[in-house]
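Each chain is listed here by its residues.
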Amino acid sequence: TGRSAKRVVALTGAAVRDIGNIWGFHSVTLYTAPLSDDDEKQLRQIVVLEVRCVDGKSGEHPLLQLEYDPDKGVTHERVDTFNVQMAEKVAEHQFSVPLYSHRIADLLQQWLDTPPDDPYQAMAEFPEAIIDACGQGAVMEKHFEEAKQKIKEWREEEKKKERERQLAALTVAASVLMCNIQ
């Protein structure tokens, strides 16, 4: 599958320190992917940073994959190759000089210390903050505005479906209750 033995895991303080100890990053790539295999909406926003060691090499697991999961918070994974099913590349930027890891580690620590108000909007806000820290925020501004709008519309649809399910369950319960009364 191209994935390393490590799994996508929720970010911890120890992971932030490990990321801060990376010398730097050579490039940043933004991907979108559906939330599930049976969904066509590209709501997931995945940032992949290419690790660069001081000797100019990438080392073991040369890619750092970062994403915000509404249930887990910030997730990270070191991988050999990027492989998310049905992912689409949105943008890629090669740095002329390495992006030092402390910029990303500081940002990750902020996200770890201060959970977002809306974990679903954070699916776009988190990668936007990473892309901004990489100096590409202005280039990707329109993409993230559209992503936030798509997430908002999706959440409204999901809430409507949940209300409809609850109403149907209440209707069935009321029908059963009426039958039992008679």
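Just so we're clear, the structure is a prediction, and the values are computed from it rather than from any experiment.

Enquirer: Any details on the environment of Val-47? Residues and values, ideally.
Expert: Within the element layout of this structure, Val-47 appears in strand 3 (residues 44-52). Expressed as a C-alpha distance, the spacing of Val-47 and Glu-67, which sit 20 residues apart in the sequence, is 6.4 Å. For Val-47, the contacting residues outside a window of four places in its chain are Val-28, Thr-29, Leu-30, Leu-64, Gln-65, Leu-66, Pro-127, Ile-130 and Ile-131.

Enquirer: Outline the side chain of Gln-136, listing residues and values.
Expert: One can find Gln-136 in the loop between helix 3 (122-133) and helix 4 (137-181). Taking the relative accessible area as the measure of exposure, Gln-136 reaches 15% and is therefore buried. Excluding its chain neighbours within four sequence positions, the residues that come into contact with Gln-136 are His-93 and Ile-131.

Enquirer: Give a detailed account of the pairing of strand 3, specifying residues and quantitative values.
Expert: Along strand 3, nine of the nine residues are buried, which leaves the element largely enclosed by surrounding structure. Burial along strand 3 is two-sided: the face carrying Arg-44, Ile-46, Val-48, Glu-50 and Arg-52 and the face carrying Gln-45, Val-47, Leu-49 and Val-51 are both buried. Sheet analysis places strand 2 (residues 24-33) next to strand 3, joined by nine bridges and oriented antiparallel. By the bridge assignment for strand 3, Val-28 is matched with Leu-49. Pairing of strand 3 with strand 4 (residues 63-69) involves five bridges; the strand directions are antiparallel. Within the sheet, the bridge partner assigned to Val-47 lies in strand 4 and is Leu-66.

Enquirer: Describe the sheet that holds strand 2, listing the residues and the values that go with them.
Expert: Consider a sheet: its strands pair through backbone hydrogen bonds, and that pairing is either parallel or antiparallel. Strand order in the open sheet formed by six strands is 1-5-4-3-2-6, with antiparallel pairing between adjacent strands. Both outer strands of the open sheet, strand 1 (9-10) and strand 6 (88-100), are each paired with one neighbouring strand and no more. Two strands pair when backbone bridges link them, and strand 4 and strand 5 (residues 73-79) are joined in this way by seven bridges, in the antiparallel orientation. Within the sheet, the bridge partner assigned to Asp-69 lies in strand 5 and is Gly-73.

Enquirer: Before we move on, can you summarise the pattern of salt bridges with the specific residues and values?
Expert: Enumeration over the complete set of coordinates arrives at eight salt bridges. We note a salt bridge from Lys-142 to Glu-146, for which the minimum N-O separation is 3.2 Å. In this pair, Lys-142 and Glu-146 are both assigned in helix 4, four residues apart and thus about one turn of the helix distant. By relative accessible area, Lys-142 is classed as exposed at 56%. Overall, Glu-146 belongs to the partly exposed group, its relative accessible area being 39%.

Enquirer: Would you mind going over the packing of helix 2 (residues 101-113) against helix 3 in detail, with residue names and values included?
Expert: Contact pair helix 2 / helix 3: the axes reach a minimum separation of 9 Å and the direction vectors enclose 155 degrees. As far as their axial angle goes, helix 3 and helix 2 are roughly antiparallel. Between helix 2 and helix 3 the crossing geometry is right-handed. In this structure, helix 2 contributes Arg-103, Ile-104, Leu-107, Leu-108 and Trp-111 to the contact, and helix 3 contributes Ala-122, Glu-125, Phe-126, Ala-129, Ile-130 and Ala-133. When grouped by side-chain class, the residues that make up the contact of helix 2 with helix 3 number nine nonpolar, no polar and two charged.

Criteria and thresholds
Residue numbers restart at each chain and count upward from 1, following the sequence in its written direction. Only residues with pLDDT of at least 70 get local features here, since the model is predicted, and only at 80 or more are side-chain atom pairs given and counted; chain-wide, interface and lining totals rely on the full set of residues. With hydrogens and water excluded, all non-hydrogen atoms of the structure serve as input to the side-chain values. Helix and strand assignments come from DSSP, with helices taken as H or I runs of at least 4 residues and strands as E runs of at least 2, each series counted from the N terminus. It only takes one pair of heavy atoms within 4.5 Å for two residues to be counted as in contact. Any residue under 20% of the maximum accessible area for its type is buried, any over 50% is exposed, and the rest in between are partly exposed; the area is computed with a 1.4 Å probe on protein chains only. Each pair of strands is called paired provided DSSP finds at least two bridges between the two strands. By definition, a salt bridge exists where a carboxyl oxygen of Asp or Glu is found within 4 Å of a side-chain nitrogen of Lys or Arg. Here, axes are lines fitted to C-alpha atoms. For helices the fit covers the stretch in contact, and angles between N-to-C directions go from 0 to 180 degrees. For classification purposes, an angle smaller than 35 degrees is called roughly parallel, one larger than 145 roughly antiparallel, one from 65 to 115 roughly perpendicular, and anything else oblique. By the definition used in this description, the sense in which the near helix is turned from the far one sets the handedness, with an anticlockwise turn below a right angle giving left-handed and a clockwise turn giving right-handed. For this classification, Asp, Glu, Lys and Arg are treated as charged, while Ala, Val, Leu, Ile, Met, Phe, Trp, Tyr, Cys and Pro are nonpolar and the rest, including Gly, are polar.

Treat this as a map of the structure, not an account of what it does.
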